[in-house]
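# Observations on the model geometry
Spelled out, the chains give:
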Amino acid sequence: MTDYDSPWKEALDLYFEPFMAFFFPDAHAEIDWGRGYELLDKELQQIAPEAELGRRAVDKLVKVWRHNGDERWVLIHIEVQVSEEGGFPKRMYVYNYRVFDKYNREVVSLAVLADENPSWRPSEFGYSLWGFSTNIRFPVVKLLDYAARWQELEVDPNPFAMIVLAHVKTLETRHDPNLRRAWKVRLVKGLIDRGLSAADVRGLFRFIDWVMELSTELDKSYWHEIHEYAEEKRMPYITTPERMGREEGVQQARLEDIELGLEARFGAKGLELLPKIRQIEDGETLKALLRSLWTGSSFEEFVARLEEARPTQGR
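These lines cover the structure that appears in this document, whether it is placed above or below.

Analysis parameters
Residues numbered from 1 in each chain as written. Predicted model: local features only at pLDDT ≥ 70, side-chain atom pairs only at ≥ 80, totals over all residues. Heavy atoms only, no water. Helix = DSSP H or I, 4+ residues; strand = E, 2+ residues; numbered from the N terminus. Buried < 20%, exposed > 50% of the residue type's maximum accessible area, 1.4 Å probe, protein only. Contact = heavy atoms within 4.5 Å. Expected span 1.5 Å × (residues − 1). Arc of directions from axis to C-beta. Salt bridge = Lys/Arg side-chain N within 4 Å of Asp/Glu carboxyl O. Axes fitted to C-alpha atoms, helices over the stretch in contact; angles between N-to-C directions. Parallel < 35°, antiparallel > 145°, perpendicular 65-115°, else oblique. Left-handed = near helix turned anticlockwise from the far one by under 90°. Pairing = 2+ DSSP bridges. Core = buried A, V, L, I, M, F, W, Y, C linked by side-chain atoms within 4.5 Å. Nonpolar A, V, L, I, M, F, W, Y, C, P; charged D, E, K, R; others polar. Polar contact = N/O pair within 3.5 Å; in protein donor to acceptor, adjacent residues only side chain to side chain.

In this section: the overall build of the protein chain. Secondary structure summary: the protein chain contains 16 helices and seven strands in total. The burial tally for the protein chain puts 48% of its 315 residues in the buried class. A separation of at least 24 residues holds for 69% of the contacts in the protein chain among residues at least 6 apart in sequence.

Right under this line is the structure:
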């Protein structure tokens, strides 16, 4: 299964301002970017722990300033998943009121839907009873809406246009590995040809390489073609060591997510399991353990799965 979480998290860290400009230009125009912004991911984890509300694909809490000098806390919650989730609107509601309650500031919740169902477009949550009512409505961007505009995305100077294009082409080619390889080569060559900075080439290259997974055979031929093209163009490109470093970063991110989940669900006794978990090097095993935390395994069930996983590591 394609890992969407890690590349989207990194993309938002690298390109938060382009993200706002691409998807929410009106909001972008009101933000004083000269004052910078502050990512508050750890604070969001404390406000809405994963164990309490279920799996969150990607979410960001960002502090920005408006041009008039007022502070505003912005909650950007991005679901990167291939199927709709019934609890998503409620989760947006819960995040919003909890952040408002903690900081006593206006909170704007925004959503990007990256699933495969074009008709799934949740944008509000609320209820009413006996004359009482409460409701939240949030702006929604649907990535599938950009699929027919791929030619515009290819030439759009905003880095997030390439991220959107890579994502929608990943969805479109999920049953056609050869077509995926062709699109992956095309997108990466496009990066090299556009004369971007070395940092942008590497950052966007990493996203494309992450989401557009290929079989071992197709991956080897893809890398060979890209290597030759990059040398011909005398342009920066992602190297095999850089890719290995990216994979190590994914492993570290999974370990950190597991640590947060263990503490949130099981407290101190959960953290006592970390030494055993850190012995595991296989990425799929770590992903399975993290998934078991998302699906609500009891402490005893999680320990049993951990013990089952450890022999596969040769211990």
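Taking 1.5 Å of rise per residue, 18 residues should cover 26 Å, and helix H11 (residues 216-233) covers 26 Å from first to last C-alpha, within 8% of that figure. All buried positions along H11 are accounted for by Leu218, Asp219, Tyr222, Trp223, Ile226, Tyr229 and Ala230. One side of H11 carries all its buried residues, which in axial view fall inside an arc of 135°. With respect to the buried face of H11, the exposed residues turned more than 90 degrees away are Glu217, Lys220 and Glu232. In the stretch just after H11, Arg234 is the one whose phi turns positive, near 55°.

To continue, consider the pattern of salt bridges. Scanning all chains against the criterion turns up 14 salt bridges. Among the salt bridges present, the one from Arg174 reaches Glu116, with a minimum N-O distance of 3.2 Å. In this pair, Arg174 sits in the loop between helix H8 (159-172) and helix H9 (177-193) while Glu116 sits in the loop between strand E4 (107-113) and strand E5 (124-129), placing the two residues 58 residues apart along the sequence. Where Arg121 meets Asp145, a salt bridge forms, and the shortest distance between an N and an O atom there is 2.7 Å. Placement of the pair is Arg121 in the loop between E4 and E5 and Asp145 in the loop between strand E7 (140-142) and helix H7 (150-155), with a sequence separation of 24 residues.

Moving on, we come to the packing of H9 against H11. Where H9 meets H11, the axes come as close as 10 Å, and the angle between the chain directions of the two elements is 20°. When the interaxial angle is binned, H9 and H11 end up roughly parallel. The crossing of H9 and H11 is right-handed. In contact with Pro177, Asn178, Arg181, Lys184, Val185, Val188, Lys189, Ile192 and Asp193 of H9, H11 contributes Leu218, Asp219, Ser221, Tyr222, Glu225, Ile226, Tyr229, Ala230 and Lys233.

Looking now at the pairing of E5. Direction of pairing for E5 relative to strand E6 (residues 132-137): antiparallel, over a ladder of six bridges. Across the sheet, the residue bridging to Leu129 is Phe132, located in E6.

Phi angles above zero are rare outside glycine, and Asn104 is one such case at about 55°. The backbone of Trp130 sits at a positive phi, close to 55°, despite the residue not being glycine. Its place among the elements puts Trp130 in the loop between E5 and E6. Its relative accessible area of 82% is what places Trp130 among the exposed residues.

Quick look at the pairing of E4 now. The side chains of a regular strand alternate, first on one face of the sheet and then on the other. Counting buried residues along E4, six of its seven residues qualify, which places the element largely inside the surrounding structure. Strand direction decides the pairing type here: E4 and E7, joined by three bridges, are parallel. In the sheet register, Ala111 faces E7, and the bridge partner there is Val140.

Let us now look at the nonpolar core. Proteins that are soluble and globular tend to have nonpolar side chains buried together. Grouped together as the largest cluster of nonpolar side chains are 51 residues, with contacts concentrated most on Phe19, Met20, Phe23, Leu143, Phe160 and Val164. If sequence neighbours within four positions are ignored, Phe160 has contacts with Trp8, Ala11, Leu12, Tyr15, Pro18, Phe19, Phe22 and Phe23. If you look at the next biggest cluster of nonpolar residues, it comprises 15 residues, including Phe266, Leu274, Ile277 and Phe299.

To continue, consider the packing of helix H1 (residues 5-14) against H8. Two elements in contact, H1 and H8, have axes separated by 11 Å at closest approach and are oriented at 170°. The angle between H1 and H8 falls in the class roughly antiparallel. For the pair H1 and H8, contact is made by Trp8, Ala11 and Leu12 and by Phe160, Ile163 and His167, respectively. By residue class, the composition of the contact of H1 with H8 is five nonpolar, one polar and no charged.

Below, the discussion takes up the side chain of Lys60. Its place among the elements puts Lys60 in strand E2 (residues 58-65). There is a polar contact of 2.6 Å between the side chain of Lys60 and the side chain of Asp13. Excluding residues within four positions of it along the chain, Lys60 makes contact with Lys9, Leu12, Asp13, Asp41, Leu44, Val74, Leu75 and Ile76.

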